[in-house]
Amino acid sequence: MSKNQLNIKTAADIAPGELNLSVDAVVVGSGAGGAINAYELAKAGKKVLVLEAGPYVPSDKFTEMLAVAMGTLYADEGGQANTAQDITVLQGRCVGGSTVVNAALCFRTPEHYLKIWREQFGLTELTQERMTGYFEKVERNLNIQPNKGYETSAGAELIKKGLKKLDIPEGNAKRNIRDCVLSGFCFSGCKSDRKQSMLVTYLPWACNHGAEIFADTRVTQVVAKNGQAKGVLAEVVDPKTGQVKTRVNVSAPLVVMAAGPIQTPIILQQSGLANSSGQVGKNFACHPTLSVTAMFDQKVDDFHGATHSLYVDTNILPEEGGWLQLNAVQEPVEASFQAEPGTGKAYVSYMEKYRNSMRLITLIHDKNVGEVKLVDGAKHIEYSVDDEDFENMKKGLKQNARILFAAGASYLYLPTYDRTLIESPEQVDSVIDGLKNGVAKYRYTSFHPQGTCRMGADPKTSVVSPSGETHDVKNLYVADASLLPTSIGYNPSETVYALASFIADKINGRIA
């Protein structure tokens with residue numbers, strides 16, 4: 001997507017010094033929630049400015065190399081983690097946000113959680129009927145469709161055989177893709193523009209209605225007066241030097257925070273706003289995941305095809321265990337850090353068998369036990385896997401292991417920092433039962449931070465009202481995964497797409 005089509009300015013385009021701007025609405029963040037709100041507000045006739053802290057990287061500059069993409073497209077160069085440093089929390093930090101680097105996997109929010117949100121958090125408008133309309137809308141706009149048969153990866157086909165042997169029903173994944181080229185490089189950005197990320201959909205659509213985007217521009221403060229949002233203060237940062245180049249003062253009677261579940265609460269804390277409940281930054285959840293790597297006697301070549309082809313959600317509800325299984329293709333960089341084969345010759349031997357390997361992910365529906373906060377001016381993600389959640393993870397790992405052995409695996413690597421093998425189906429229970437929580441020895445990954453600006457009717461226990469507006473500050477809205485009152489167990493992207501669309505309609509007065 002070219003710069004002209006996006007109506008975008010980067011640090012190189014902005015003169016040093018100070019810049020004063022006046023718009024109808026400023027949107028902080030250009031990912032799922034930010035891009036959708038930018039489009040809907042601009043389409044309604046508002047003058048919209050989108051501020052993105054990350055760089056603008058056009059798709060023709062994507063390298064299809066994860067090691068490079070981590071440094072250019074991800075928060076903290078892919079190194080963002082909790083304070084214990086045992087969970088990598090991956091987020092996109094670029095124009096288009098995490099939609100540029102996610103796997104494009106989409107699930108509608110289950111009625112189970114919508115009901116909890118209505119009954120426990122007072123979100124009475126989030127009915128199945130109303131949300132279905134928003135799901136259908138974003139599914140049309142982003143071409144969210146079930147995978148076609150030819151898109152299924154080689155590893156997923158083996159997993160299907162394992163599921164059939166164990167009589168476990170499979171789910172066919174839905175993705176926001178148009179004519180996927182099946183390269184397997186979703187996590188590095190889609191060079192062919194087939195992934196319907198915000199970079200190629202809602203952002204150019206917003207710009208077509210007059211919206212403007214500033215990249216390399218981090219918001220430092222939301223400005224409010226007499227309980228009303230008045231705009232934001234921001235800094236344009238030279239990506240080459242890391243130095244502040246220009247200070248930006250944006251005057252706007254409407255502010256939409258969509259910087260993500262880690263950055264949004266940090267900005268609100270820096271601003272000293274919207275926190276009479278004391279809940280800003282609290283209730284963090286992230287769907288910790290562990291990948292079991294299976295080795296086969298034959299080559300699998302599980303690195304082309306849909307990044308996710310299938311899933312198993314027979315135990316997705318909390319009372320049933322609260323875990324989700326997902327297949328996932330992986331390129332060599334990912335394969336290299338999913339297991340601990342040893343060093344030197346042992347490591348080389350492991351990577352020489354890369355073509356014989358595949359993985360199956362166990363993702364847990366976790367409790368909202370974490371907190372994101374500023375400590376001495378730096379962000380801290382204080383989160384540890386809950387003991388009960390860890391026991392559920394172990395149950396999910398056991399099912400994971402049995403599926404892989406049923407698919408024909410010779411042996412399995414568990415995702416630990418010491419070498420842990422399961423060499424036969426008979427060892428599954430004993431080896432996994434030996435895993436203990438509370439030690440930083442597992443290779444957790446999270447793509448799904450959520451919950452830090454909880455949405456609810458009670459201003460004493462939530463940050464954001466049922467309309468998306470903060471309880472404390474008028475015309476200050478939140479439209480990202482911070483809103484989610486609880487963890488939902490599934491990839492949250494479609495939930496964010498739908499909620500962002502709902503909030504935009506609230507702002508525009510399309511719904512009361």
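Scroll up to find the structure.
As the structure is a computational prediction, the values presented were derived from the model and not from experiment.

Description of the pairing of strand 2 (residues 17-22)
For step 1, the next point in the chain: Counting buried positions over the six residues of strand 2 gives zero, only a small fraction of the element.
For step 2, the next point in the chain: As paired elements, strand 2 and strand 13 (residues 244-251) share six bridges and run parallel to each other. What sits directly across from Asn-20, in strand 13, is Asn-249.

A few points about the packing of aromatic side chains
For step 1, the next point in the chain: Scanning the model with the defined rule gives 13 aromatic pairs in all.
For step 2, the next point in the chain: Between Tyr-411 and Tyr-413 the ring centres are 5.9 Å apart and the planes differ by 65°, which places this aromatic pair in the edge-to-face class.

Notes on helix 11 (residues 387-406)
Because the α-helix completes a turn every 3.6 residues, residues three or four places apart line up on one side.
For step 1, the next point in the chain: In this model helix 11 runs 29 Å from its N-terminal to its C-terminal C-alpha over 20 residues, within 8% of the 28 Å that 1.5 Å per residue would give.
For step 2, the next point in the chain: The element helix 11 is extensively covered by neighbouring structure, given that 15 of its 20 residues are classed as buried.
For step 3, the next point in the chain: The distance from a side-chain oxygen at the start of helix 11 to the backbone nitrogen of Glu-388 is 2.9 Å, and the residue carrying that oxygen is Asp-386.
For step 4, the next point in the chain: Positive phi shows up at Gly-408, right after helix 11, with a value of about 110°.

Quick word on the nonpolar core
For step 1, the next point in the chain: Formed by 99 residues in total, the largest nonpolar core has its most connected members in Val-48, Leu-51, Trp-117, Val-232, Val-250 and Leu-476.
For step 2, the next point in the chain: If one sorts the elements of this core by residue count, helix 13 (residues 493-507) sits on top with eight residues.
For step 3, the next point in the chain: In this structure, Met-358, Leu-360, Leu-397 and Leu-412 belong to the second largest nonpolar core, which totals 44 residues.

Some points on the pairing of strand 21 (residues 378-382)
Successive side chains on a regular strand alternate, one facing one side of the sheet and the next facing the other.
For step 1, the next point in the chain: Inspection of the sheet shows strand 20 (residues 370-375) paired to strand 21 by five bridges, in the antiparallel sense. Following the sheet pairing, Glu-371 is matched in strand 21 by Glu-382.
For step 2, the next point in the chain: Counting the residues in the hairpin turn of strand 20 and strand 21 gives two residues, including Asp-376, whose phi is positive at 55°.

Brief notes about the sheet that holds strand 7 (residues 144-146)
For step 1, the next point in the chain: With antiparallel pairing, the three strands of this open sheet are ordered in space as 6-9-7. Every other strand in the sheet has two partners, leaving strand 6 (105-106) and strand 7 as the edge strands with one partner each.
For step 2, the next point in the chain: Two elements, strand 6 and strand 9 (residues 174-176), share two bridges in a ladder whose sense is antiparallel. Its bridge partner lying in strand 9, Leu-105 is registered against Arg-175.

How each quantity is defined
- Residues numbered from 1 in each chain as written.
- Predicted model: local features only at pLDDT ≥ 70, side-chain atom pairs only at ≥ 80, totals over all residues.
- Heavy atoms only, no water.
- Buried < 20%, exposed > 50% of the residue type's maximum accessible area, 1.4 Å probe, protein only.
- Helix = DSSP H or I, 4+ residues; strand = E, 2+ residues; numbered from the N terminus.
- Pairing = 2+ DSSP bridges.
- Phe/Tyr/Trp six-rings, centres within 6.5 Å; stacked < 30°, edge-to-face > 60°.
- Expected span 1.5 Å × (residues − 1).
- Polar contact = N/O pair within 3.5 Å; in protein donor to acceptor, adjacent residues only side chain to side chain.
- Core = buried A, V, L, I, M, F, W, Y, C linked by side-chain atoms within 4.5 Å.

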